[in-house]
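Understanding the architecture of this molecule
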Amino acid sequence: MADPQPQTLYEKIWNAHVVERRDDGTCLIYIDRHLVHEVTSPQAFEGLRLAGRRVRRPDLTLAVPDHNLPTTARVDGEGKRVPIADPASAAQLAALEANVATFGIPYFTDRAAEQGIVHVVGPEQGFTLPGTTLVCGDSHTAAHGALGALAFGIGTSEVEHVLATQTLLLTPARTMEVRVDGDLGPGVTAKDLILTIIGVLGAAGGAGYVIEYRGSTFETMSIEGRLTVCNMSIEAGARSGLVAPDDTTFAYLAGRPMAPKGAEWDRLVGYWRSLKTDAGARFDKSVVIDAASVEPSVTWGTSPDDVVGVSGVVPDPTGIADPVKRAAAAKSLDYMGLTPGTPMTEIAVEHVFIGSCTNSRIEDLRAAAAIIGGRHVHPRIRQALVVPGSGLVKRQAEAEGLDQLFIAAGFEWREPGCSMCLAMNPDKVPPGERCASTSNRNFMGRQGPGARTHLVSPAMAAAAAINGRLSDVREMMA
Amino acid sequence: MTPVTQVEGRAIPLGIANIDTDVIIAAEHLKTVTRSGLGAHALESLRRAADNVIDDPAYTGANILIAGANFGCGSSREHAVWALMDRGITAVIAPSFSDIFSGNAFKNGMVTVVLPQPQIDRLMAVAETQPMTIDLTTMTVTTPFQDRFSFGLDEFRRDCLLHGTDEIALTMASDAAIGTYESSGAPMLHVPRG
Ligand code: SF4
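Residues take numbers from 1 onward in each chain, read along the sequence in its written order. Chain A is the first chain written and ligand 1 is the first ligand written, with later ones labelled in order. Totals for whole chains, interfaces and linings use every residue, but because this is a predicted model, local features are given only for residues with pLDDT of at least 70 and side-chain atom pairs only at 80 or more, for both listing and counting. Excluding hydrogens and water, the side-chain figures rest on all heavy atoms present in the structure.

1. A closer look at the overall build of chain B
Within chain B, the secondary structure is distributed over 8 helices and 8 strands. Along the three orthogonal principal directions, the C-alpha set of chain B runs to about 60 × 40 × 25 Å. Each residue is placed in one exposure class: buried if its accessible area under a 1.4 Å probe, protein chains only, is under 20% of its type's maximum, exposed if it is over 50%, and partly exposed if it falls in between. Across the 194 residues that make up chain B, the buried fraction comes to 55%. The criterion used for residue contact is that any of the two residues' heavy atoms lie within 4.5 Å. Across chain B, the fraction of contacts at a sequence separation of at least 24, relative to all contacts at a separation of at least 6, is 67%. With the model as given, the accessible surface of chain B reaches about 7600 Å², and the carbon-plus-sulfur share is 52%. Positive and negative side-chain charges in chain B, numbering 13 and 22 respectively, have mean positions lying 3 Å apart. Helix and strand assignments come from DSSP, with helices taken as H or I runs of at least 4 residues and strands as E runs of at least 2, each series counted from the N terminus. Accessibility throughout is a Shrake-Rupley quantity obtained with a 1.4 Å probe, and a residue counts as covered only by protein chains that appear here. The positive count covers Lys and Arg only, the negative count covers Asp and Glu only, and His and the chain ends enter neither. Charge positions are represented by NZ for Lys, CZ for Arg, CG for Asp and CD for Glu.

Set out below in structure tokens:
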């Protein structure tokens with residue numbers, strides 16, 4: 001008998017979830033986990049209501065508000081709820097609260113300690129598990145692939161489809177391996193690595209692919225780091241990123257509130273150990289990057305693939321051969337108010353944002369705090385925000401005294417949420433002003449109309465805050 | 001969903017690459033609980049420029065948008081599709097689309113047509129003076145100048161568009177199979193506690 005065909009991790013998860021296979025290769029795929037937030041769900045629930053449909057598996061669904069919640073105090077001194085000033089945001093939160101009650105969906109309220117950004121909450125609660133299919137009406141759902149879950153963002157019609165049927169009709173993706181071996185240099189983080197990868201692949205380079213991140217660099221990386229990497233897979237156009245589950249994954253998940261326990265834990269760990277790409281399995285595309293070549297990185301433009309090492313300069317569009325790319329780069333620089341040839345470390349910033357589902361976990365806050373030490377933010381900085389990814393991250397940071405360190409340095413210490421990552425709540429960068437941000441998108445207007453974003457790691461954001469300009473974190477490490 | 005067999009009309013020759021979902025509809029306008037009313041804010045940041053092509057009176061009433069590569073990249077927000085449709089755009093022609101955008105478009109009956117750049121360039125020129133026709137039965141884009149460009153479309157999507165299929169109803173017809181899967185003891189069928 002011939003050996004079974006070697007399979008990639010993606011193929012193993014896919015095959016384990018096929019409910020029906022249609023003639024054209026489209027499959028009805030079972031969805032194990034569904035995260036719901038206030039912005040992309042109201043129209044889906046409305047659709048269910050109009051069609052008289054129920055939620056098939058509320059027990060596999062978890063809702064939490066994050067996108068447009070203000071990050072200022074949610075209860076006053078007497079423990080009373082502070083109303084949301086913006087009526088549209090308040091209405092969206094009220095809609096979510098009504099919908100989870102009507103359809104019986106588990107829910108963390110805006111005041112719960114467990115509340116936070118969906119992609120921080122899922123792993124932290126053990127809601128996200130290896131080998132599961134996980135979806136959310138948010139493109140950064142790819143983050144959960146850090147735990148070996150096949151996770152991807154969906155639109156509101158698909159949210160409604162999953163609520164009603166716990167499945168999605170999908171065509172298989174192509175597979176790409178991004179292999180990185182070796183140690184990252186001092187001051188170089190998971191964020192710098194994924195920015196570099198996006199720079200290499202291009203903003204659409206991953207379109208149609210699921211990326212598996214392989215090699216010793218990812219094997220020795222923390223779950224927090226893997227979450228940062230997988231999170232930004234979408235910025236290269238890929239809907240999902242994956243890292244094979246290993247002992248680091250199991251140690252991270254053990255004892256989490258929603259994770260399996262006892263005999264079921266043992267059974268599942270046994271299964272999870274089988275979730276590795278087989279030797280000899282074929283990827284449709286392979287990209288190799290040397291860890292030692294990765295620098296602390298920063299974006300200069302308005303697409304996440306506009307990346308340079310921090311020791312580099314603002315590129316000159318006239319040197320770009322492709323006319324479409326040349327025009328785009330010129331437009332980017334115009335929007336960003338930058339002159340070609342300017343060293344990146346001479347670019348002054350007025351805002352610093354440490355937060356978002358990319359970099360708001362405890363490890364990120366520790367990394368930023370380590371750079372700050374006892375120093376103070378530069379007088380040029382108008383606003384420096386630290387927004388923990390969840391109430392539990394916030395609590396942990398406070399237990400370690402990080403909040404006091406940030407506050408003493410001149411940062412604002414906020415309640416968890418998406419905040420200045422997408423500027424749906426009052427946290428915005430004013431037009432024409434510049435922000436060093438640990439978030440994932442530098443699109444025009446992403447952090448507020450006319451805002452100029454430079455994507456960086458938490459340590460680099462801290463360095464920018466202290467110096468009032470983009471800075472090479474390596475020069476600040478004692 | 002209303003069946004679509006043809007989209008005929010004037011096209012806006014926008015042509016820019018990497019138009020992301022934040023450009024199509026900014027986050028500040030996502031605080032809605034309905035699908036309608038977003039059209040006024042569609043492509044707002046591009047429309048701030050006085051001489052922008054979108055507001056050029058020559059294209060008033062246009063129902064097709066011609067864009068550059070990687071149209072709709074970024075967020076999963078279906079609001080991007082709703083905003084364009086609310087503005088009357090029912091088809092987008094581009095060299096490539098982000099996966100999520102084209103999926104969202106199809107689910108709302110918006111047609112996304114992928115054509116190679118040289119054909120896009122040609123249609124951009126035609127769009128300045130003439131209408132064009134996207135036909136889902138013949139899978140072609142045609143112009144009054146005898147241009148005839150064939151495009152591909154996933155069989156299933158085409159069928160759904162042509163028949164106006166309610167995809168959820170279609171899947172619910174597989175209810176028994178879903179139930180069988182749920183009771184199959186597949187390794188991942190674990191219910192979160194907490
Ligand atoms: S933090 Fe930003 S990227 Fe992450 S879920 Fe929120 S809005 Fe999306």
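2. Re empty space enclosed by the protein
A 1.4 Å probe that fits into a set of points on a 1 Å grid over the protein atoms alone but cannot get out defines a cavity; an open set with protein on both sides within 12 Å along at least five of seven lines defines a pocket, and lining residues are those with an atom within 4 Å of a point. Grid points are joined across faces, edges and corners, and a volume is the space filled by probe spheres set on the points. One pass over the structure, following the stated rule, counts 3 cavities of 30 Å³ or more. Its boundaries defined by the atoms lining it, the largest cavity holds a volume of some 210 Å³. What lines the largest cavity is a set of 22 residues, among which H67, D138, H140, L422 and R446 of chain A lie closest to the centre. In terms of residue class, the lining of the largest cavity is made up of 7 nonpolar, 11 polar and 4 charged. A volume near 120 Å³ is recorded for the second largest cavity. As for the second largest cavity, its lining consists of 14 residues, of which I234 and G237 of chain A together with C73, G74 and S98 of chain B are closest to the centre. Residues are sorted three ways: Asp, Glu, Lys and Arg are charged, Ala, Val, Leu, Ile, Met, Phe, Trp, Tyr, Cys and Pro are nonpolar, and all the rest, Gly among them, are polar. Class assignment of the residues belonging to the lining of the second largest cavity gives a composition of 7 nonpolar, 4 polar and 3 charged.

3. Thoughts on the interface of chain B and chain A
Tallying the contact residues gives 52 residues for chain B and 74 residues for chain A. We define buried area as the total accessible area lost by two parts upon association, computed with a 1.4 Å probe and summed across both. The junction of chain B with chain A conceals about 5300 Å² of combined surface from both sides, 58% of it contributed by carbon and sulfur atoms. For this analysis, a salt bridge means a side-chain nitrogen from Lys or Arg found within 4 Å of a carboxyl oxygen belonging to Asp or Glu. The tally of links between chain B and chain A comes to 8 salt bridges. We note a salt bridge from K31 of chain B to D86 of chain A, for which the minimum N-O separation is 2.6 Å. Within 3.5 Å is the distance limit for a polar contact, defined as a pair of N or O atoms, with the added protein rule that one can donate a hydrogen and the other accept it, and that residues adjacent in sequence qualify only through two side-chain atoms. Our count for the chain B to chain A interface comes out at 25 residue pairs in polar contact (both at pLDDT 80 or more). At the level of secondary structure, the elements contributing two or more residues to the side of chain B that touches chain A comprise α3 (79–86), α4 (99–107), α7 (167–172) and α8 (175–182) of chain B. Classifying every residue of the side of chain B that touches chain A gives 22 nonpolar, 14 polar and 16 charged.

4. A few points about the site of the ligand
Residue and element names in this part refer to chain A. Lining the immediate environment of the ligand, one finds H67, I117, H119, D138, H140, S356, C357, C418, C421, L422, N440 and R446. Placement in a cavity or pocket follows one criterion, namely that more than half of the molecule's atoms lie within 2 Å of its grid points. A molecule is said to occupy a pocket when more than half its atoms come within 2 Å of that pocket's grid points, and by this definition the ligand occupies the largest cavity. Considered class by class, the residues forming the shell around the ligand number 5 nonpolar, 5 polar and 2 charged. Nearness here has a simple test: a residue counts as near a molecule or strand if at least one of its heavy atoms is within 4 Å of that partner.

5. Comments concerning unusual backbone geometry
Leaving glycine aside, a negative phi is the common case for residues, and trans is the common case for peptide bonds. Residues and elements named next belong to chain A. Even without glycine at this site, S356 takes up a positive phi of about 85°. Notably, S419 is not glycine yet its phi reads approximately 55°, a positive angle. Tracing the backbone shows S419 in the loop between β16 (412–413) and β17 (434–437). You can call S419 buried: its relative accessible area is 0%.

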